Structure formats: structure tokens, C-alpha cells
Amino acid sequence: AVLDAVWVPRLGGGRPRVRPDRVLADKAYSSRANRAYLARRGIRATIPVPGDQVGHRLRRGARGGRPHAFDAEIYRDRNAVERGINQLKQNRALATRYDKLAVRFLATVHIAAIDLWLR
């Protein structure tokens, strides 16, 4: 659902792209369903594989398939996004998610981002 709402603005104007070039995610999003969804849409994934999944693949032997491609250098850029999110969470209403409606929560995110930008 989150990836369906993503849009990437174009530099020269025009309609924004709805398919990013690459997705950076943590180990929690390494499921087969997530990777298949990204592959269907032609989006490259930089997602580390959890140790238990590596063990399952190795235990299957040749039937386990090839390990997923993972670029550690690109994955390091993910920490910039994490730090930005943590700065947004300095806003108490955002960190505790008091808002019941998604529209109000999104408005709170926008207000927190504006507050950060004005600092």
C-alpha cells in the first residue's frame, strides 16, 4: 500500500513518476511477497536478507536458488532517511500517533516537516 502511494517528481516538470528506481528497506521487508511485488514492477531492491532466511536457502541446497543481490554501499544511504524520520519523531504527537484518522496523522507529519524546515 505504501509503494502504491509513492510518486517521484521529475526535475524538468511534468507528471511525477510512480515507479522509483530502487527501494531501500530493512530486514523486516525481505519477504518473498515484497520482493516479488518489486520485481513485477521492475524496481530494484536493496534489502538485506535475515540470517534465518539465509539458513533456509542454504539448507535447500541447489533448490534454494541464488542469494538476492545486495549492495552494502547503497544500503548505507538508508541511514539518512532514518535520521530524518527520527528528527520528525521529536514531535510528540507524531512519535506517539495520537491521531486516529490517517488524514490527521498525515497533516501532523506535514506540520512537523515544515517545523524542521523552518529551523
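Rules of the game
- Residues numbered from 1 in each chain as written.
- Predicted model: local features only at pLDDT ≥ 70, side-chain atom pairs only at ≥ 80, totals over all residues.
- Heavy atoms only, no water.
- Helix = DSSP H or I, 4+ residues; strand = E, 2+ residues; numbered from the N terminus.
- Rg over C-alpha atoms; globule rule 2.2 N^0.38 Å.
- Buried < 20%, exposed > 50% of the residue type's maximum accessible area, 1.4 Å probe, protein only.
- Contact = heavy atoms within 4.5 Å.

A. Representation of the overall build of the chain within the structure. Counting its regular elements, the chain contains 6 helices and 2 strands. From first element to last, N terminus to C terminus, the chain shows the α and β order β-α-β-α-α-α-α-α. Against the compact-globule benchmark of 14 Å for 119 residues, the chain has a radius of gyration of 18 Å, which places it well outside the compact range. The principal-axis extent of the C-alpha atoms belonging to the chain is close to 55 × 35 × 30 Å. Taken across its 119 residues, the chain has 13% of its residues classed as buried. Across the chain, every contact between residues at least 6 apart in sequence was considered, and the portion connecting residues at least 24 apart equals 28%.

B. A look at the side chain of T108. Positionally, T108 belongs in helix 6 (residues 102–118). According to the relative accessible area criterion, T108 is buried, its value standing at 14%.

C. Seen up close, the environment of F105. Summarising the element assignment, F105 is placed in helix 6. The exposure class assigned to F105 is partly exposed, which follows from its relative accessible area of 24%. Through-space distance from the C-alpha of F105 to that of D77 is 26 Å; in sequence the pair is 28 residues apart. Setting aside residues up to four positions removed in sequence, F105 forms contacts with L94, R97 and D99.

In short, shape yes, function no, at least from these values alone.
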